[in-house]
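Inside the fold
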Amino acid sequence: MEILTTVAFGICGLVAVGSGVLVFVFDSMARATYALALAFVATGAALLILQQSYLGAVVILMMVMEMAVMAVYMVMFMGMNPALMPMSMVHSHRAALGSAVAVFVVLAAGALLVPWPERRSAPSEEVTRDLGNAIMGSHMLVMLIIGVVMAATIVVGVVLSSARTRYDRLGDDLDGRSAERDDAGRGGAR
Amino acid sequence: MTLEGVLMIASALIAVGVYGALSQQVVVMAMMGLELMIAGVLLAVGGLWWFLSPDPSGQVLLLVVLAAMTVEMAAGFAVATLLHRRAGTDMTDMAAELHE
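Reading guide: rules and limits
- Residues numbered from 1 in each chain as written.
- Chains lettered and ligands numbered in written order.
- Predicted model: local features only at pLDDT ≥ 70, side-chain atom pairs only at ≥ 80, totals over all residues.
- Helix = DSSP H or I, 4+ residues; strand = E, 2+ residues; numbered from the N terminus.
- Rg over C-alpha atoms; globule rule 2.2 N^0.38 Å.
- Buried ≥ 20, exposed ≤ 12 C-beta atoms within 10 Å, placed from the backbone.
- Contact = placed C-beta atoms within 7 Å.
- Nonpolar A, V, L, I, M, F, W, Y, C, P; charged D, E, K, R; others polar.
- Expected span 1.5 Å × (residues − 1).
- Axes fitted to C-alpha atoms, helices over the stretch in contact; angles between N-to-C directions.
- Parallel < 35°, antiparallel > 145°, perpendicular 65-115°, else oblique.
- Core = buried A, V, L, I, M, F, W, Y, C linked by C-beta atoms within 7 Å.

1. Re the overall build of chain B
Counting secondary structure elements, chain B contains three helices and zero strands. Element order for chain B, N to C, with α for helix and β for strand: α-α-α. Relative to the 2.2 N^0.38 estimate, which gives 13 Å for 100 residues, the radius of gyration of chain B is 17 Å and therefore markedly larger than a compact globule would have. Seen through its principal axes, chain B has C-alpha atoms that stretch 50 × 25 × 20 Å. Within chain B, buried positions represent 53% of all 100 residues. A sequence separation of at least 24 residues applies to 51% of the contacts in chain B between residues at least 6 apart.

Structural data, given as structure tokens:
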């Protein structure tokens, strides 16, 4: 059983890293997106093997959705069939490659050289139930803050990406009086 | 399966992400690099949790990392949309107002 999990984890890791590399090797955005989706599914599967049944599933679901959003985004803004447009859009290739190798060497050296301690406690049978109890009990503050941050993210997304809102048309007081002054588009409501 | 193995794979993911975030010109592709880095962090936290201290607190930390990833992608897409509206571009090199 142990050897099986090791092999499965190794395959997941190799797929994750390999398709992660392919993201930046492929010359079309569509293929890069699918490669990134594959990398995230493999990462989620690796988390599943590490007994994170809930978070592994969440990673897989969230990332498949995100790649769908990315595909829509490409069609919206690239104005082309992204699968058919080869492109090479890289700058400071050599510096980036050097930094990546340096980062890997430092992190791998840390992973191999640090004398990791022994495992302190046995994992419980009900990992997901423990997580639920933690975020609804002793760690509720974390969940509260994540909730506020998510709500703020929704506001940020709408504010940043909306083109022309009622504050542009009607002014900051929404009464139309300061619209002429505040409206960058010189439109105003009337 | 050892902790070292998990951390090596996570390091490789982070390194690939660093390359992508530094080298890609299209904003969305640079975001893909950032996401690969966060995936590496997720994997490393998961490995440390399983091999060192498998209690619920570590899982809560994983949840925070996942939330950070969500915020990154949502805000990143919004900024890319704004950039596209303001400058008509999706390249990082065209978004250098603060540099000039």
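2. With respect to the overall build of chain A
Along its length, chain A carries eight helices and zero strands. Starting at the N terminus and walking to the C terminus, you meet the elements of chain A as α-α-α-α-α-α-α-α. The proportion of buried residues among the 190 residues of chain A is 23%.

3. Comments concerning the interface of chain A and chain B
Taken together, the 66 residues of chain A in the interface contact 58 residues of chain B. If you list the elements that add at least two residues to the side of chain A that touches chain B, you get α1 (2-25), α2 (29-49), α3 (53-78), α4 (93-113), α5 (127-136) and α6 (140-161) of chain A. Among the elements that take part in the side of chain A that touches chain B, α4 of chain A stands out by supplying twelve residues, more than any other. Within the side of chain A that touches chain B, the residues separate by chemical class into 45 nonpolar, 17 polar and four charged.

4. Comments concerning unusual backbone geometry
All names here are of chain A. Of note in the backbone geometry, Gln51 takes a positive phi value of approximately 70° without being a glycine. On the secondary structure map, Gln51 appears in the loop between α2 and α3. Exposure remark for Gln51: the 17 C-beta atoms within 10 Å place this residue in the partly exposed category.

5. Focus: helix α3 (residues 56-87) of chain B
Its 32 residues place the ends of α3 of chain B 46 Å apart at the C-alpha level, agreeing with the 46 Å of an ideal helix rising 1.5 Å per residue. Residues Pro56, Gln59, Val60, Leu62, Leu63, Met69, Met73, Phe77, Ala80 and Thr81 of chain B constitute the buried set of α3 of chain B.

6. A look at helix α1 (residues 3-23) of chain B
Here α1 of chain B spans 30 Å end to end across 21 residues, near enough to the 30 Å set by a 1.5 Å rise per residue. Of all 21 residues in α1 of chain B, 17 are buried, a share of seventy percent or more.

7. Overview of the environment of Val65 of chain B
Residue and element names in this part refer to chain B. Within the element layout of this structure, Val65 appears in helix α3. A C-alpha to C-alpha distance of 13 Å links Val65 and Leu36, two positions 29 residues apart in sequence. If we skip the residues at most four places from it in the chain, Val65 touches Ile38, Val41, Leu42 and Val45.

8. Side note on the packing of α1 of chain A against α1 of chain B
In helix packing, the relevant descriptors are the interaxial angle and the interaxial distance, both defined with respect to the helix axes. Running from N to C, α1 of chain A and α1 of chain B point in directions that differ by 5°, and their axes come no closer than 10 Å. Overall, the two elements α1 of chain A and α1 of chain B adopt an arrangement that is roughly parallel. Only Ile9, Ala12, Leu13, Val16, Tyr19 and Gly20 of chain B of α1 of chain B make contact with α1 of chain A, whose side of the interface consists of Gly13, Ala16, Val17, Gly20, Val21, Val23 and Phe24 of chain A. Broken down by class, the residue content of the contact of α1 of chain A with α1 of chain B amounts to ten nonpolar, three polar and no charged.

9. Looking at the packing of α6 of chain A against α3 of chain B
In the contact formed by α6 of chain A and α3 of chain B, the axes pass within 8 Å of each other and the chain directions differ by 10°. Taken together, the axes of α6 of chain A and α3 of chain B are roughly parallel relative to one another. Residues Val142, Ile146, Val149, Met150, Thr153, Val156, Gly157, Leu160 and Ser161 of chain A of α6 of chain A pack against Val60, Val64, Ala67, Val71, Ala74, Ala75, Ala78, Val79, Thr81 and Leu82 of chain B of α3 of chain B. For the contact of α6 of chain A with α3 of chain B, a count of residues per class yields 15 nonpolar, four polar and no charged.

10. Quick word on the nonpolar core
Within the largest apolar cluster, 72 residues are counted, with the highest numbers of intra-cluster contacts made by Ala39 and Ala46 of chain A together with Ile9, Leu13 and Leu43 of chain B. Put simply, the parts of the chain that give this core at least two residues each are α1, α2, α3, α4 and α5 of chain A together with α1, α2 (27-52) and α3 of chain B. With 16 residues, α2 of chain B is the largest single contributor of residues to this core. Setting aside its immediate chain neighbours within four residues, Leu43 of chain B contacts Thr43, Ala46 and Leu47 of chain A together with Val6, Ile9, Ala10 and Leu13 of chain B.

11. A word on the environment of Gln52 of chain A
Relative to the helices and strands, Gln52 of chain A resides in the loop between α2 and α3. With 26 C-beta atoms counted inside 10 Å, the residue Gln52 of chain A sits in the buried group. Each C-alpha atom of the pair Gln52 of chain A and Ala163 of chain A lies 41 Å from the other, and the pair is 111 residues apart in sequence. In this view, Gln52 of chain A contacts Leu47 and Val127 of chain A together with Gly46 and Leu62 of chain B; residues no more than four positions away in its chain are not counted.

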